[in-house]
Amino acid sequence: MTESEGSSIQVVEEEPPKNIYDRVNQKLASARYSEDNQAEQYREEEVRLYGGFRSPTISTIVSGIGFFSEAYDLYVVNVLSELWKKEYPTYFSQNSSMISRIGNSAIVGAIIGQLFFGLIGDRVGRKAGLLVTSTILFLGPVLSSVSFGANGSINGLFWMLVVVRGFLGVGIGGEYPCASVSAAEAGDDAKVKRGKTVLFVFSMQGVGQVVGIVVAIIALLFTKSNFHVDNTSGFHAVWRFVLAFGALPIIPVFVLRTRMRDSLRFRIAGYKRRKVPMLVTFRYYWIRLVGTAGCWFLNDIVQYSNGIFSSEIITGVVAGSDKTVLDIAMFTLLVAILTLPGYYVAALTVDKIGHKRLQIIGFACVGLCGILIGGLINQLENQPGAFILMYGIFLFFVQFGSNTTTFLLAAELYSTPVRTTCAGISAAFGKAGAAIGTQFLGPIEHAFSGNNGVRAVFIIAGGVSILGALLTWWVIPEPNKRTLEDEDFSFAEYCIRHGVDAKLFSS
């Protein structure tokens, strides 16, 4: 080759990035190219493993059944507390706070579970977290059903229930970050509407609540021990059976969870076991955390206090002094059924209305309904049908709004490497609101004569909900049109600019 020929050949070398913005764009482009190739490989592998039954479908199903079991275990105490009061009237006349301890122990356990499994979901994997929580959700009901006190001590029996339900609460809490994020990522993997997928999963909470009450009613009817206040011979067997029944749905869930896989989004992103500096996370997401955690906190003050005290509220207003356990269970079941449409209307409309907008609508309507019921409580006392209807509308808007959307928004507003951590923090603040609501609204209800206590509870709940609507409007962005991938790359760009790209992108 002649010199002239050689001089005509030019080797074009890729120029190194000139500044931080070029460097960011280069890394993001490389990551996107790598993700496209990996996605195709993963889909081919899933066809080989599952045939036409894809892993996102499995993830959605097992997340939904897990929430069914979680709600059953949590809300069934609503009815069982009335059985315990009938079976052990002398004990509860002297230890009236024990029912609150049993309910609050599950809430405290849930807070621990939400924080712990939020970290596990990001550091180890969503599947690993769900397998552990399903194990706890099986053991918890079994241990609850065999609770006993030393030498037949009634006090020991209920303290064991406090401890065991605290342990169960850890599993209940762990379901929130792991299941919500798993469902959100499964929706993106399957290229379906994410909001609908997540809310159909969450709707199983309402089904679990209804089924728990139905199982208790069937058990009461079978023993026929509920028709007379002084006939409590069958109560002991009833509450133990009802608690044990909660373990049954978890058995198929555990089997299916062994076959599920971490989401395509989680595996492609390659964040497993990689620690993202929490300072960077909070610096980028602190406003959103204020929004998701704060709104969940306000929602659960309303949701859990009304849910746990619903039997007391209903029977105090409409049932009269001759109420039986069956009366209380029937009224509670009616209210639970009235809330079910809210879950499904929300699931079917959330992607059309907008995730943020639906939360504002729900909070605002709950606020107005709560204040209205509180103002009219004396008139509603003599009209049970009107009260049940208005209370049902109140709880409908809790589900068609903040109770479902707080779950959804916390699962989609954060990036993959910190998604379950931030969802767990948000959910933990929610359970803190539940604990405050049950701890303070219950005494407020009993502090006033007549229906003034119920009036105060509803007006406070209404005011809290109005605050929730304002907080949502102020700090939460609308994620409806963004994919989880978009959020990942926005966070990755921020991380690279702050010098932590090696922790996110290195092999």
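Note that this is a predicted model, so its numbers are computed, not measured. (Residues numbered from 1 in each chain as written. Predicted model: local features only at pLDDT ≥ 70, side-chain atom pairs only at ≥ 80, totals over all residues. Heavy atoms only, no water.)

How should the side chain of Asp300 be read in this particular structure?
Among the structural elements, Asp300 can be located in helix α13 (residues 278–308). Buried charged residue Asp300 carries no salt bridge. Nearest counter-charge: Lys431, at 4.2 Å. For Asp300, the side chain forms a polar contact with the side chain of Asn299, separated by 2.8 Å. (Helix = DSSP H or I, 4+ residues; strand = E, 2+ residues; numbered from the N terminus. Buried < 20%, exposed > 50% of the residue type's maximum accessible area, 1.4 Å probe, protein only. Lys, Arg positive; Asp, Glu negative; His and termini not counted. Salt bridge = Lys/Arg side-chain N within 4 Å of Asp/Glu carboxyl O. Polar contact = N/O pair within 3.5 Å; in protein donor to acceptor, adjacent residues only side chain to side chain.)

I keep staring at the pattern of salt bridges and nothing clicks. Help me out?
Working definition: two side chains of opposite charge can pair if their charged atoms are close together. The full count for this structure, using the stated rule, is 8 salt bridges. Of the charged contacts in the structure, one is a salt bridge between Arg419 and Glu185, with a shortest N-O distance of 2.6 Å. Of this pair, Arg419 sits in helix α20 (residues 419–447) while Glu185 sits in helix α8 (residues 154–189), placing them 234 residues apart in sequence. The buried category is assigned to Arg419, whose relative accessible area is 0%. Residues joined in a network through salt bridges with shared partners are Asp122, Arg126, Glu185, Arg419 and Asp488.

Looking at this model, I keep getting lost on the environment of Ala492. Mind explaining?
Mapping Ala492 onto the fold places it in helix α22 (residues 484–497). What makes Ala492 buried here is its relative accessible area of 1%.

What exactly am I supposed to notice about the packing of aromatic side chains here?
In total, this model carries 28 aromatic pairs according to the counting rule given. Between Tyr285 and Tyr414, the aromatic rings sit 5.0 Å apart at their centres with planes inclined by 75 degrees, giving edge-to-face as the arrangement. Taken together, the positions of Tyr285 in helix α13 and Tyr414 in the loop between α19 (402–412) and α20 put the pair 129 residues apart, joining distant regions of the chain. Comparing Tyr285 with Tyr414 shows no difference in burial state: the two are buried. Chaining the aromatic ring pairs together yields one cluster made of Phe67, Tyr176, Phe202, Trp296, Tyr343 and Phe407. (Phe/Tyr/Trp six-rings, centres within 6.5 Å; stacked < 30°, edge-to-face > 60°.)

Hey, could you run me through the environment of Val163 in this one?
Here Val163 lies in helix α8. In this structure Val163 comes out as exposed when scored by relative accessible area, which is 60%. A C-alpha to C-alpha distance of 9.9 Å links Val163 and Ser147, two positions 16 residues apart in sequence.

Just to check I follow, could you spell out the packing of helix α9 (residues 194–223) against helix α15 (residues 325–353) for this structure?
Each packed pair of helices is defined by two parameters, the angle between the axes and the distance between the axes. Taken N-terminus to C-terminus, the directions of α9 and α15 make an angle of 165 degrees; their axes are 9 Å apart at the nearest point. Considering the angle they form, α9 stands roughly antiparallel to α15. Of the two possible hands of crossing, α9 and α15 adopt the one that is left-handed. Residue composition of the contact of α9 with α15, grouped by class: 24 nonpolar, 6 polar and 3 charged. (Axes fitted to C-alpha atoms, helices over the stretch in contact; angles between N-to-C directions. Parallel < 35°, antiparallel > 145°, perpendicular 65-115°, else oblique. Left-handed = near helix turned anticlockwise from the far one by under 90°. Nonpolar A, V, L, I, M, F, W, Y, C, P; charged D, E, K, R; others polar.)

Any chance you could explain helix α18 (residues 384–399) here in plain terms?
Because each turn of an α-helix spans 3.6 residues, side chains separated by three or four positions end up pointing in the same direction. Between its terminal C-alpha atoms α18 stretches 23 Å, which fits the 22 Å expected from 16 residues at 1.5 Å a residue. Buried residues of α18: Phe387, Ile388, Met390, Tyr391, Gly392, Phe394, Leu395, Phe396, Phe397, Val398 and Gln399, and no others. Note on α18: the residue one or two positions beyond its end, Gly401, has a positive phi of about 160 degrees. (Expected span 1.5 Å × (residues − 1).)

Shape is all these values report; function is a separate question.
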